[in-house]
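Read off the chains here:
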Amino acid sequence: MLMEAVGSGLLGLALAGVAVRLLSKRLPSTRTVLVSGVTGALFGAYLTHMSLGPGHNTLFATLLGGVGVSAVVLSLLLRPAAGGGRGPRRPPFSLPSRS
(Lines give C-alpha, C1' and ligand atoms only; values in the text may rest on other atoms or scores of the structure.)
Protein backbone atom coordinates (compact mmCIF):
# COMPACT_ATOMS: atom_id res chain seq x y z
CA MET A 1 0.00 0.00 0.00
CA LEU A 2 2.92 2.31 0.64
CA MET A 3 4.21 1.77 -2.90
CA GLU A 4 0.76 2.62 -4.27
CA ALA A 5 0.61 5.87 -2.29
CA VAL A 6 4.13 6.98 -3.16
CA GLY A 7 3.78 5.98 -6.81
CA SER A 8 0.45 7.68 -7.32
CA GLY A 9 1.66 10.80 -5.50
CA LEU A 10 4.68 11.03 -7.79
CA LEU A 11 2.57 10.41 -10.88
CA GLY A 12 0.12 13.10 -9.78
CA LEU A 13 3.00 15.51 -9.21
CA ALA A 14 4.40 14.73 -12.66
CA LEU A 15 1.01 15.19 -14.30
CA ALA A 16 0.51 18.51 -12.52
CA GLY A 17 4.01 19.62 -13.53
CA VAL A 18 3.28 18.88 -17.17
CA ALA A 19 -0.02 20.75 -16.92
CA VAL A 20 1.72 23.79 -15.41
CA ARG A 21 4.36 23.71 -18.11
CA LEU A 22 1.92 23.40 -21.02
CA LEU A 23 -1.14 25.32 -19.78
CA SER A 24 0.30 27.92 -17.38
CA LYS A 25 -1.83 30.77 -18.75
CA ARG A 26 -5.09 28.89 -18.22
CA LEU A 27 -4.39 27.59 -14.71
CA PRO A 28 -4.34 29.25 -11.28
CA SER A 29 -1.12 29.50 -9.27
CA THR A 30 1.50 26.78 -9.61
CA ARG A 31 1.23 25.79 -5.95
CA THR A 32 -2.52 25.22 -6.26
CA VAL A 33 -2.08 23.06 -9.35
CA LEU A 34 0.68 20.92 -7.82
CA VAL A 35 -1.21 20.36 -4.57
CA SER A 36 -4.41 19.54 -6.47
CA GLY A 37 -2.60 17.07 -8.72
CA VAL A 38 -1.02 15.18 -5.84
CA THR A 39 -4.19 15.22 -3.73
CA GLY A 40 -6.30 14.00 -6.64
CA ALA A 41 -3.86 11.18 -7.34
CA LEU A 42 -3.79 10.07 -3.70
CA PHE A 43 -7.57 10.14 -3.47
CA GLY A 44 -7.88 8.26 -6.76
CA ALA A 45 -5.44 5.60 -5.58
CA TYR A 46 -7.34 5.21 -2.32
CA LEU A 47 -10.67 5.02 -4.13
CA THR A 48 -9.38 2.45 -6.61
CA HIS A 49 -7.74 0.38 -3.90
CA MET A 50 -10.94 0.29 -1.83
CA SER A 51 -13.20 -0.43 -4.79
CA LEU A 52 -11.08 -3.37 -6.00
CA GLY A 53 -11.24 -5.04 -2.62
CA PRO A 54 -8.80 -7.14 -0.64
CA GLY A 55 -8.14 -9.89 -3.19
CA HIS A 56 -7.31 -7.66 -6.16
CA ASN A 57 -4.42 -5.48 -5.08
CA THR A 58 -2.83 -4.73 -8.41
CA LEU A 59 -0.36 -1.88 -8.45
CA PHE A 60 -1.02 -0.95 -12.08
CA ALA A 61 -4.79 -0.56 -11.63
CA THR A 62 -4.34 1.54 -8.51
CA LEU A 63 -1.83 3.84 -10.20
CA LEU A 64 -4.09 4.14 -13.23
CA GLY A 65 -7.02 5.12 -11.02
CA GLY A 66 -4.88 7.69 -9.25
CA VAL A 67 -3.73 9.27 -12.49
CA GLY A 68 -7.28 9.31 -13.82
CA VAL A 69 -8.71 11.14 -10.82
CA SER A 70 -5.75 13.52 -10.81
CA ALA A 71 -6.40 14.38 -14.48
CA VAL A 72 -10.06 15.06 -13.71
CA VAL A 73 -9.18 17.33 -10.79
CA LEU A 74 -6.66 19.23 -12.90
CA SER A 75 -9.16 19.65 -15.73
CA LEU A 76 -11.55 21.31 -13.29
CA LEU A 77 -8.95 24.01 -12.64
CA LEU A 78 -8.72 25.09 -16.29
CA ARG A 79 -10.07 28.50 -17.24
CA PRO A 80 -11.39 29.31 -20.71
CA ALA A 81 -8.83 30.43 -23.26
CA ALA A 82 -8.48 34.18 -23.67
CA GLY A 83 -9.66 35.65 -26.96
CA GLY A 84 -11.86 32.88 -28.18
CA GLY A 85 -12.54 34.84 -31.37
CA ARG A 86 -16.17 35.36 -30.51
CA GLY A 87 -17.90 38.69 -30.18
CA PRO A 88 -19.05 40.19 -26.89
CA ARG A 89 -21.37 37.92 -24.99
CA ARG A 90 -24.89 39.00 -24.19
CA PRO A 91 -26.83 37.58 -21.31
CA PRO A 92 -29.30 34.90 -22.40
CA PHE A 93 -32.75 36.12 -23.40
CA SER A 94 -31.62 39.75 -23.66
CA LEU A 95 -32.85 42.12 -26.29
CA PRO A 96 -30.44 44.19 -28.34
CA SER A 97 -30.13 47.81 -27.25
CA ARG A 98 -31.31 50.64 -29.52
CA SER A 99 -28.27 52.89 -29.54
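Our subject in this report is the structure included herewith. If you're wondering where the values come from, they're calculated on a predicted model, not measured in any experiment. (Residues numbered from 1 in each chain as written. Predicted model: local features only at pLDDT ≥ 70, side-chain atom pairs only at ≥ 80, totals over all residues. Heavy atoms only, no water.)

1. So, the overall build of the protein
Logical step 1: Of the regular secondary structure elements, the protein holds three helices and zero strands.
Logical step 2: Start at the N end of the protein and walk to the C end: the helices and strands fall as α-α-α.
Logical step 3: The C-alpha radius of gyration of the protein comes to 19 Å, more than 25% above the 13 Å expected for a compact globule of 99 residues.
Logical step 4: Across its three principal directions, the C-alpha atoms of the protein cover 70 × 30 × 15 Å.
Logical step 5: Each of the 99 residues in the protein was classed as buried or not, and the buried ones make up 25%.
Logical step 6: When contacts within the protein are restricted to residue pairs at least 6 apart in sequence, long-range pairs at least 24 apart make up 71% of them.
Logical step 7: By element, 69% of the accessible surface of the protein is carried by carbon and sulfur atoms, the whole surface being about 7,300 Å². (Helix = DSSP H or I, 4+ residues; strand = E, 2+ residues; numbered from the N terminus. Rg over C-alpha atoms; globule rule 2.2 N^0.38 Å. Buried < 20%, exposed > 50% of the residue type's maximum accessible area, 1.4 Å probe, protein only. Contact = heavy atoms within 4.5 Å. Areas by Shrake-Rupley, 256 points an atom, 1.4 Å probe, with all protein chains shown as cover.)

2. Focus on the side chain of serine 36
Logical step 1: Within the secondary structure layout, serine 36 lies in helix α2 (residues 30-52).
Logical step 2: Other than its neighbours up to four places away in sequence, serine 36 contacts Val73 and Leu77.

3. Considering the nonpolar core
Logical step 1: Listed in full, the six residues of the largest apolar core are Ala16, Ala19, Val20, Leu27, Val33 and Leu74.
Logical step 2: For this core, the element with the most residues is helix α1 (residues 2-22), which contributes three residues.
Logical step 3: Discounting residues that sit within four places of it in the chain, alanine 19 has contacts with Ser24, Leu27 and Leu74. (Core = buried A, V, L, I, M, F, W, Y, C linked by side-chain atoms within 4.5 Å.)

Any functional reading would require information that these geometric values do not contain.
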